[in-house]
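The residues making up each chain are set out below.
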Amino acid sequence: MTGLHGELTVPGDKSISHRAVMFGSLAKGTTRITHFLEGADCLSTISCFRKMGIDIEKTDGEVLVHGKGLHGLSAPSEILDVGNSGTTTRLISGILAGQDFDCELNGDASIQSRPMKRIMTPLSLMGADIESIKGNGCAPLRIRGKKLHAAHYNSPVASAQVKSCVLLAGMYADGITSVTEPVLSRNHTELMLNYFGAHVNSIDTTASIEPEPFLEARDITVPGDISSAAYFIAAGLLTSGSEILLKNVGINPTRDGMLRICKAMGADITLLNVNDDGEPTADLLVRTSTLHGTTIGGSVIPALIDEIPMLAVMAAFADGTTIIKDAAELKVKESDRIAVMVENLSRMGADITATDDGMIIHGGRPLHGAEIDSHLDHRIAMSFAVAGTIVDGPLSILGGDCVNISYPDFYSDLYKLGE
Ligand code: S3P
């Protein structure tokens, strides 16, 4: 038998797993999280909240967070280590800004070069005391807890991390805090805070929160991560003779841009067992397809921002030209994903050019194996691992272990579908 076959349940959604630990820590009572993502990023979040006195039990696939309420955190006795995780850094900063203690947070080399002014600016507007210790707008950060003021913030970027940071700080403010973004970004914070009992109101691209909510512990089943499913969607579409079923994948409309673009490229993907309760999910039936190029830009970008490396690889295999635009945010992810995609796809023989806010790919050129540099970016490593299963010749990935950030069993899951 050729091609990829079988069923796969991808690990839990990374964004939702982070938030479940954070909000569970700030809720009263025990939050039970099922299908939690045990990737390094989410483990960083657990470790930070443990250092602030929250008892978090972890068994295989389940996490119990014994929350102490909105004002139950205690001062950590050491620096909070956020590892490689931008979500941990930016969301936790919103929480820390309103505490009655001071602390420092720091992470790896990648985190120390990622922009934090985007959260320092709105938090300062709310009266927070947050400082980049090296004065370069990046971590390490020092946050001295303060009484916060309500504010409205017009964010120049469509970023769920910025939006969530402001909303979380808003829980500790003296009135209603709101944030407007240029395009709607993922709304997991809004949905989950309301599920815990907060009052978050969303109108168009503005979300506002009432202060001092009483958050009550809840059970959470984390859907499969569409950002992880993306690699298998691509592998199934590109490998001839494939038919795979990806079970229980999150299809929240603020995250489903990959599905919309796949369709525009001619993909055969059927949604089965759609469940619209809270965070919507579906099983995705993916069959080999002949893909053609498309334009990816505008309001869909935040809904597929993490899937662009995989989409760029797909575009290189597709017929015709793909233009990716309005995606300058790619430059400030775990790596500069525009430069790194151009570098690595060029090594494989693709016709790809960087632009200021994306890339242009003329697909259909014969691609070959190459030495790929992941730049320790998990999404780069996984995208090229998929490419490596399709091309002739060996493909090696420098720093390929970084998949443990979001998908520790990635290589074995990819292998299993091809057996
Ligand atoms: C995330 C938001 C996105 C995304 C990241 C996870 C989140 O980042 O790229 O992987 O969980 O809120 P931005 O908010 O910076 O766009």
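Rules used throughout
- Residues numbered from 1 in each chain as written.
- Predicted model: local features only at pLDDT ≥ 70, side-chain atom pairs only at ≥ 80, totals over all residues.
- Heavy atoms only, no water.
- 1 Å grid on protein atoms, 1.4 Å probe; cavity = no way out; pocket = protein on both sides within 12 Å on 5 of 7 lines; lining within 4 Å.
- Points joined across faces, edges and corners; volume = space filled by probe spheres on them.
- Helix = DSSP H or I, 4+ residues; strand = E, 2+ residues; numbered from the N terminus.
- Core = buried A, V, L, I, M, F, W, Y, C linked by side-chain atoms within 4.5 Å.
- Buried < 20%, exposed > 50% of the residue type's maximum accessible area, 1.4 Å probe, protein only.
- Contact = heavy atoms within 4.5 Å.
- Near = heavy atom within 4 Å.
- Polar contact = N/O pair within 3.5 Å; in protein donor to acceptor, adjacent residues only side chain to side chain.
- Areas by Shrake-Rupley, 256 points an atom, 1.4 Å probe, with all protein chains shown as cover.
- Sits in = over half its atoms within 2 Å of the grid points.
- Nonpolar A, V, L, I, M, F, W, Y, C, P; charged D, E, K, R; others polar.
- Pairing = 2+ DSSP bridges.
- Axes fitted to C-alpha atoms, helices over the stretch in contact; angles between N-to-C directions.
- Phe/Tyr/Trp six-rings, centres within 6.5 Å; stacked < 30°, edge-to-face > 60°.
- Salt bridge = Lys/Arg side-chain N within 4 Å of Asp/Glu carboxyl O.
- Expected span 1.5 Å × (residues − 1).

**Q** Hey, could you run me through the layout of surface pockets in this one?
**A** Summary: where empty space remains is shown by rolling a probe the size of a single water molecule over the atoms. Space inside the largest pocket adds up to approximately 560 Å³. What lines the largest pocket is a set of 36 residues, and nearest its centre among them are Ala 158, Arg 186, Ile 305, Asp 306 and Lys 333. Elements that contribute at least two residues to the lining of the largest pocket include exactly α1 (14-26), α3 (86-96) and α5 (160-170). Broken down by element, the lining of the largest pocket gets its largest block of residues, four residues, from α1. Volume-wise, the second largest pocket comes out at about 400 Å³.

**Q** Can you walk me through the nonpolar core in this structure?
**A** Core analysis: the biggest nonpolar cluster contains 72 residues, and Phe 232, Ile 233, Leu 246, Leu 284, Met 314, Leu 345 and Phe 410 have the highest contact counts within it. Ranked by the residues each element gives to this core, the list is headed by helix α7 (residues 226-238), at ten residues. Those residues within four positions of Leu 345 in sequence are excluded, and the remaining contacts are Ala 312, Val 313, Ala 316, Ala 350, Ile 352 and Phe 384. With 66 residues, the next largest nonpolar core counts Met 22, Leu 70, Ala 128 and Leu 215 among its residues.

**Q** Sorry if this is basic, but what is going on with the site of the ligand here?
**A** As a matter of local geometry, the ligand sits amid Ser 15, Arg 19, Thr 87, Arg 90, Ser 159, Ala 160, Gln 161, Arg 186, Ile 305, Asp 306 and Lys 333. At 2.7 Å from an oxygen atom of the ligand is found a side-chain nitrogen or oxygen belonging to Asp 306. The contact in question runs from an oxygen atom of the ligand to an N or O atom on the side chain of Lys 333, over 2.7 Å. Protein contact buries 95% of the 380 Å² of open area that the ligand shows by itself. One can see that the ligand is located within the largest pocket. A per-class count over the shell around the ligand returns two nonpolar, four polar and five charged.

**Q** I'm lost on the sheet that holds strand β7 (residues 129-132) in this one. Help?
**A** The pairing of strands in a sheet happens through backbone hydrogen bonds and is either parallel or antiparallel. The four strands lie next to each other as β5-β6-β8-β7, forming an open sheet whose pairing is mixed. Each edge of the open sheet carries a strand with a single partner, namely β5 (80-83) and β7. Taken over all neighbouring pairs, the strand axes of this sheet differ in orientation by 20° on average, direction set aside. Note that β5 and strand β6 (residues 102-107) share three bridges and pair parallel. Across the sheet, Asp 81 pairs through a bridge with Asn 106, a residue of β6.

**Q** How should I be thinking about the side chain of Asp 41 in this particular structure?
**A** Mapping Asp 41 onto the fold places it in helix α2 (residues 40-51). Non-local contacts of Asp 41, meaning those with residues more than four positions away in its chain, are made with Lys 14, His 18, Asn 84, Ser 85, Thr 88 and Ile 405.

**Q** So what exactly am I meant to see when it comes to the packing of aromatic side chains here?
**A** Aromatic rings considered in pairs are described by the distance between their centres and by the relative angle of their planes. Taken as a whole and assessed by the stated rule, the structure comprises seven aromatic pairs. A centroid spacing of 6.2 Å and a plane angle of 80° characterise the contact between Tyr 195 and Phe 196, whose relative ring orientation is edge-to-face. Exposure remark for Tyr 195: the relative accessible area of 33% places this residue in the partly exposed category. Geometrically, the ring pair formed by Phe 232 and Phe 410 is tilted, given 5.6 Å between the ring centres and 50° between the ring planes.

**Q** I would appreciate a short explanation of empty space enclosed by the protein in the present structure.
**A** Counting across every chain of the model gives one cavity of 30 Å³ or more. Taken together, Asp 13, Ile 16, His 188, Pro 223, Ile 226, Gly 250, Asn 252, Arg 255 and Glu 279 make up the lining of the largest cavity. Considered class by class, the residues forming the lining of the largest cavity number three nonpolar, three polar and three charged.

**Q** Looking at this structure, I do not really get the pattern of salt bridges. What am I missing?
**A** Opposite charge on two side chains permits them to pair, given that their charged atoms come into close proximity. According to the stated counting rule, one finds 26 salt bridges in the structure shown. Residues Arg 337 and Glu 334 are paired through a salt bridge, measuring 2.9 Å at the closest nitrogen-oxygen approach. Given a relative accessible area of 12%, Glu 334 falls into the buried group. Put simply, Asp 351 and Arg 365 hold a salt bridge, and the shortest N to O gap is 3.9 Å.

**Q** Honestly, α1 in this entry has me stumped. Any pointers?
**A** The periodicity of an α-helix, 3.6 residues per turn, causes residues three or four positions apart to be oriented the same way. End to end, α1 covers 19 Å across 13 residues, agreeing with the expected 18 Å (1.5 Å per residue, within 8%). The element α1 is largely enclosed, with a buried count of 13 among its 13 residues. Sitting at the head of α1, Asp 13 places a side-chain oxygen 3.0 Å from the backbone nitrogen of Ser 15.

**Q** Before we go on, may I ask you to explain the sheet that holds strand β1 (residues 5-9) in this structure?
**A** The four strands lie next to each other as β1-β14-β16-β15, forming an open sheet whose pairing is mixed. Every interior strand has two partners, whereas the edge strands, β1 and β15 (268-275), have only one. Strand-to-strand twist of the sheet, defined as the mean angle between neighbouring strand axes without regard to direction, takes the value 15°. Two elements, β15 and strand β16 (residues 281-287), share six bridges in a ladder whose sense is antiparallel. Residue pairing for β16: Leu 271 is matched across the bridge by Leu 284. Lying on the sheet, helix α12 (residues 410-418) is in contact with β1 and β14 (243-250); it crosses β1 at an angle near 155°.

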